[in-house]
Every structure is written in C-alpha cells, then in structure tokens.
Amino acid sequence: MSALKLENVRKVYQSGDDEIVALDHASLEVGDAEILALVGPSGSGKTTLLSISGGLLSPSEGQVTVAGDDISSYDPKRLTEFRRESVGFVFQSVNLVPFLTARENLLVVADFDKRDKKKAAARADQLLAELGLDKRKANLPGQLSGGERQRVAVGRAFMNEPALVLIDEPTSALDTKLGEQVMELIVNEVRARETAAVIVTHDLRMTHYADRVLNIIDGTLQSS
Amino acid sequence: MRIALTELRRRPGRFAPAGIALVLLTLLLLVLGGLLDGLYNGSTGALRAQPGELLTYSSDAKLSVIRSRIDPATIAEVKQVPGVEQVGGLGAALLGAQVPGQSDDASVALFGYELAPTGVPSPPQHDGDVYADRSLKAYGVKPGQTLLLGPNHYPVQVLGWVDDVNFLLQGGLWGNADTWRAVLASARPDAVLAPGTFQVLTVATAAGADPVEVAAAIDVATGGATRTVTRAQAVNSLPGIEEQQSTFNSIIYTTFFVAALVVALFFALLTLERIGMYAVFKAMGASSRQIFLQVVSQAVVITLISFVVGALLALAASFAIPPQVPIQLTAGRGAEVVVGLIVMSAIGSALSLRRVVKVDPASAIG
C-alpha cells in the first residue's frame, strides 16, 4: 500500500469566465517510507499539489488516496478529521504559536483531538528529546533560534503519528548551512519513523536528500 | 480552550483595551443599577411591605396616600365584603425631624399603622414610640433617641431599627395610629383627622379569593367612595416610579448593547490579526467550532475578570457617595449585570464566527 497516490488529479480555478488550471492530470505514487522532492518555479502548482495531498483542498477531478483512504470525495468535516489524524505539516514560515512553549506547540495537535492527553504529553516529551530540544521545551518560540524553531515545527508534524508528512519550502528562509542541517533533521526523522514525505522546494541544492525528485511546471508533473 | 486561556495568562496586555472598557461598563451598570434600586426601594418600601394584597384609597385621591381619606363608616363596609379577611388602617405624614446633635433636619415619613408591615413589629403600645428605618442612621439617628418632628417639634422616641420601609425617599418612622394622628395635628392643625379615619386601608384577602375580584367588590360595596388596587399597582402609581424605572432601564440596556459592541469590535480585530494562526490550526485539524469556542471563552473570561474589578470599584464608589444619594448595591443586581455582560460578550464575540468559518486552511501553505 502506498502512502500517497494521485490519479489524474486536476485542480481548476474559475476567474470570471476564464479557467485557470493549477494542476493538470497529475498522477504520482509515494511509497510507505519514501521521500519525494517536488521541485518547480513559483506558480507551477506544487503548493496546490501539496494542499490536495494533505486534504487542504479538494481536487476538481481525479482521485487522491492517502494510506489506503480515498479522500477525494470527503466533505470538509471529514477532511478536517483526516488532517487531524493522518497527515503532518511543516509550514514554510514554521508558524509556531508565539505564546506557547515548544512543548505546548507540540501539544496543540492533541488539543484539537480526543486522544489521551497523558499519552500526548509523553509523545511530545519523547519527540523533543529526540530533536535535541529537551532543555528548550519550556521556552517560547521567541526565545529559540531559527533552527530550534524549525525542529519544533518538525516535532509538531510528527505528533499525530502521521502516515504522510508534507513539508513546504523548509529551507526558503535559511542560509545553505542551516538549510542543510534542517533537511538532514527532517530526513532523519522521516526515515527513523518510516514515514512517507513530500517536500516542496525550489532549492535544487536540497533535492539530493530525497529518494526521488519530480518537477512540476505549469501544473504538469515531469520526472526529473 | 487551553490555548485560549494560556494566551490570556501570558499576554494579558493584549486584552487590556477590552478589559478596561468592560471594567468601566461594569462600573457604570452597577452604579446605575444601584441608583435605580436605591431610588425604587427608597420610594416604595412602605407600600411593598404592606401585609395585605390590596390597598384601598378614597376614590378622589387619585391613588395618593397623602390625599386619601377613609372614614370609619367606609372601613366598616370594606370589612363586610366577602373575601376580605383583615383590614388595617394606614396613615402617613411627611415631615422634617430634628435629630439630637445634628444641625440638619432629616426628612422622614411617619406612619401610623394597625397591621404590621413585613419586617416591622406590631404597633408600639405607647404613644410617641416609633421604629425607624435603618437608612436614618446616615442622618445620625440612634435607637433610644428622641426626634422632634415637624414645625412644632412633636417628640417621638426611637425604639429600634426596621429595614426597607421608606416612603418617597424619606426615612420611615413607624408608630401606632394615635402617634400619627397626634403628629399630624401638631404639624398641620388644619388637617386634623377625625378619630377612626385613616388615609389608606391595607386589605388582606381570604385564602383562595381572587384579589382583583375582591378589589372590585370593595369598590362596589362602598358605592364608589373607594378605589382599591393591588399592592403592585399601588407601588407603580407612586409619583415618578414608572418613569424612573423606564429611564434607568433604557440607559442600562443601552450600556449592555455598548458592551456587546466593544467585545464584537475587539474580537473582530483580534480575529483579523489571527487569521494566519487559525489557518495553521485548521490545517492541523482544528474545526471552526473549536476555534470559535476559543474566541468565545476568551471573551467570557475577560468579561468575568472585568466584572470582578468593576464590582470592586463600584463598591468603593458606593462608600464614597454621600449617604443622601440613595444607592443600593445588591447581589441580585450584581448577578443580573454579570449574566447580562456574559451574554452580551458571547453575542459580541459570536460576530467573529463568520470570519472564523471563512478561514481557509489552505492559506497556511504558500
């Protein structure tokens, strides 16, 4: 069973009488523990593909299957549940909650869920320890370095034990050295948990961390 | 919920503008409510405390206690009406009272009564003895003192305190019917009343009798010489009571509306500022309902904290206000204000619901 399968997925936006095709008959499959890098210029449709894969957007056509579940026809409520239970996100600008500590930022995920709070707390502590943030867990994001914040964001993405992690431009705001550290961290975490990951990037220096690279141009997927 | 409360705890300054506004609105609501209660209770206590469900006035008095006169023959007719269980005479005189050791006179309403009002003992046996409303303490009155009433300084002695029996914002003094007659004769020799004549009758109806029907029967039995109304009607017919209530209530309801607007505006701006954060929450699986409940819970907690601060300020203000200003802060009024503010703040914050629902989780990416 693949972690993610897209079959002939189209996403079309209406702009007055015009149709804008953001994603054109995209098909791809990501294996259970595979890391896929999705590369393309701005406006190429990579963010749309990531959003559809994570249940943030519904496709206009085609089928999206995540960990065996066809989410293409899910209504907004089921998509919300799906995101809560099955996917993890690492956002481009990290997006930590500024008034919550590193540990509390991880527990946000459990706050929206009905899962056991004690288990969630134990998992947050374990993730923070693995990410080398054991001594920083009581710090607010403003008291953490850029790299530490990125690590917290990675930990948060793994809180719900997702089948698929979607990572949006993880190195866009970082210099090469820090960018490589972050990519190493992400790849190590993904591999350690045998989770599938899709990493959207326009930074070609980072693609060697992935098992496979796909280009996307004008909404069309092309093998690298 | 936990996230919302953590934000309140860690960033109190962020909520200060709404908090300060709500503290001031609470203060205003409690002071206005306290004044309304003080005015209402101070004007109506003597009638509200009457033991009978009905009050009978002479028909030409237009429901004025002071103008009304009911003679012994009419009283005898009232007593014969089916459904009437007990009839007691009541008379009032509005006067100035000289208090020992005080330079200013206290305004008092001296009542002569036959049936004891709620909270007042049976009429004193000795002429010249009276019970005094506790509010007269503010004018230096003490139990055991002799007060001199009216222009001819008729002496009455204070036996003890009674509560909430003032009339037309004048301190209530309650003596027997002969004391009242004597005081009236001393102060207004032109208005001496014949023995057995009272101004108003308090009428207790028999168990199971309909007071409204009994009231109509009394007025028929007296051949139209009387007008009998329920206690509530008698209270509302006091000069200015209804106007006072409607004016104050209009201001109070407007203030509640302003509270809702303050909360609505504040949380609308806060929600606008947080759209990015809410998009991330939604992307992570938060529902619109969960986010909306966070907004409402913050509004309710801010309102509760503001109420406590505002109530303490109102309490301090009530001590600073001169005793002549009839302000009464009651737990009932406090409960009404806190419930009203919570409801209005919940409604105000609910105006952010549309914006919360419209937050697109996809905007968290890209």
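Calculation notes
Residues numbered from 1 in each chain as written. Chains lettered and ligands numbered in written order. Predicted model: local features only at pLDDT ≥ 70, side-chain atom pairs only at ≥ 80, totals over all residues. Helix = DSSP H or I, 4+ residues; strand = E, 2+ residues; numbered from the N terminus. Rg over C-alpha atoms; globule rule 2.2 N^0.38 Å. Buried ≥ 20, exposed ≤ 12 C-beta atoms within 10 Å, placed from the backbone. Core = buried A, V, L, I, M, F, W, Y, C linked by C-beta atoms within 7 Å. Contact = placed C-beta atoms within 7 Å. Axes fitted to C-alpha atoms, helices over the stretch in contact; angles between N-to-C directions. Parallel < 35°, antiparallel > 145°, perpendicular 65-115°, else oblique. Left-handed = near helix turned anticlockwise from the far one by under 90°. Nonpolar A, V, L, I, M, F, W, Y, C, P; charged D, E, K, R; others polar. Pairing = 2+ DSSP bridges. Domains from an automatic or database assignment. pLDDT = per-residue confidence, 0-100.

A closer look at the overall build of chain B
Check the secondary structure of chain B and you find 11 helices and 9 strands. A compact globule built from 366 residues would reach a C-alpha radius of gyration of about 21 Å, whereas chain B, at 28 Å, exceeds it by more than 25%. Dimensions of chain B along its principal axes, counting C-alpha atoms only, are 95 × 50 × 30 Å. For chain B, with 366 residues in total, the buried portion stands at 43%.

Concerning the nonpolar core
Residues L38, L164, V198 and I199 of chain A together with V263 and M284 of chain B are the most contacted members of the largest nonpolar core, which totals 103 residues. At 8 residues, helix α9 (residues 288-320) of chain B tops the list of elements feeding residues into this core. What L38 of chain A contacts, discounting residues up to four positions off in sequence, is K46, L49, V198, I199, V200, L214 and I216 of chain A. Grouped together as the second largest cluster of nonpolar side chains are 54 residues, A49, Y154, V203 and V214 of chain B included.

A short note on the packing of helix α2 (residues 16-48) of chain B against α9 of chain B
Residues and elements named next belong to chain B. At a closest axis distance of 7 Å, the pairing of α2 and α9 adopts a crossing angle of 45 degrees. One way to sum up the angle between α2 and α9 is to call them oblique. For the crossing formed where α2 meets α9, the hand is right-handed. On the side of α2, the interface is formed by A18, G19, L22, V23, T26, L27, L30, V31 and G34, while α9 contributes I302, T303, I305, S306, F307, V309, G310, A311, L313, A314, A317 and S318. Across the contact of α2 with α9, the residue classes break down as 14 nonpolar, 7 polar and no charged.

So, the interface of chain A and chain B
Facing the 22 residues of chain A at the interface are 19 residues of chain B. The set of elements that each furnish at least two residues to the side of chain A that touches chain B consists of α1 (46-53), α2 (76-86) and α3 (102-111) of chain A.

As for the sheet that holds strand β10 (residues 220-223) of chain A
All names here are of chain A. Taken in spatial order, the 6 strands of this open sheet run β6-β7-β8-β3-β9-β10, and their pairing is mixed. Both outer strands of the open sheet, β6 (87-90) and β10, are each paired with one neighbouring strand and no more. Each strand axis lies, on average, 25 degrees off the axis of its neighbour in the sheet, ignoring direction. Along the sheet, α1 makes contact with β3 (35-39), β7 (164-168), β8 (196-201) and β9 (212-217), crossing β8 at roughly 155 degrees.

A word on the domain arrangement of chain B
All names here are of chain B. Domains assigned within chain B are domain 1 (2-43 + 241-364) and domain 2 (46-236). Placing a centre on the C-alpha atoms of domain 1 and another on those of domain 2 gives a separation of 44 Å. If you look at the interface, domain 1 gives 7 residues, while domain 2 gives 7 residues. A total of 3 residues in the side of domain 1 that touches domain 2 trace back to one element, the largest contributor, which is α2.

A few points about unusual backbone geometry
Its identity is not glycine, yet E161 of chain A carries a phi of approximately 50 degrees, on the positive side. Structurally, the position occupied by E161 of chain A is in the loop between α5 (146-158) and β7. The class of E161 of chain A is exposed, set by 12 C-beta atoms lying within 10 Å. Positive phi outside glycine occurs at K62 of chain B, with the angle close to 50 degrees.

Considerations on the packing of helix α1 (residues 2-10) of chain B against α9 of chain B
Residue and element names in this part refer to chain B. Close contact between α1 and α9 brings their axes to 8 Å; oriented N to C, the two are set at 40 degrees. Classified by the angle between their axes, α1 and α9 sit oblique to one another. Judged by the sense of rotation from one axis to the other, the crossing of α1 with α9 is right-handed. Contact residues: α1 offers I3, A4, L5 and L8, while α9 offers Q294, S297, Q298 and V301. Looking at the contact of α1 with α9, its residues break down into 5 nonpolar, 3 polar and no charged.

Here we look at the pairing of strand β8 (residues 200-205) of chain B
All names here are of chain B. The buried fraction of β8 is high, at 5 of 6 residues. Inspection of the sheet shows strand β1 (residues 54-58) paired to β8 by 3 bridges, in the antiparallel sense. The partner of T56 across the bridge, within β8, is L201.

Topic: the pairing of β7 of chain A
The side chains of a regular strand alternate between both faces of the sheet. Residue and element names in this part refer to chain A. Among the 5 residues that make up β7, 5 are buried, leaving the element largely enclosed by the rest of the structure. Of the two faces of β7, the one holding L164, L166 and D168 and the one holding V165 and I167 are both buried throughout. Strand direction decides the pairing type here: β6 and β7, joined by 4 bridges, are parallel. The residue bridging V87 from the neighbouring strand is L164, located in β7.

So, the environment of R123 of chain A
You can see R123 of chain A is positioned in helix α4 (residues 117-130). Measuring from C-alpha to C-alpha, the distance between R123 of chain A and L106 of chain A comes to 9.1 Å, with 17 residues separating the pair along the chain.

A closer look at the confidence of the model for chain B
For chain B, per-residue confidence averages 93 on the pLDDT scale, and 100% of positions sit at 70 or higher. Across the predicted assembly, pTM comes out at 0.82 and ipTM at 0.90.

Examining the sheet that holds strand β1 (residues 4-15) of chain A
Backbone hydrogen bonds hold the strands of a sheet together, and the pairing may be parallel or antiparallel. Ordered in space as β2-β1-β4-β5 (chain A), the 4 strands form an open sheet in which the pairing is antiparallel. Here the strands that pair on one side only, and so sit at the sheet edges, are β2 (18-30) and β5 (69-70) of chain A.

A closer look at the confidence of the model for chain A
Regions with low pLDDT should not have their predicted coordinates read in detail. Residues at a pLDDT of 70 or more form 99% of chain A, whose mean pLDDT is 89. Of all secondary-structure elements in chain A, the lowest mean pLDDT belongs to β10 of chain A, at 83, while strand β4 (residues 61-66) of chain A reaches the highest, 94.

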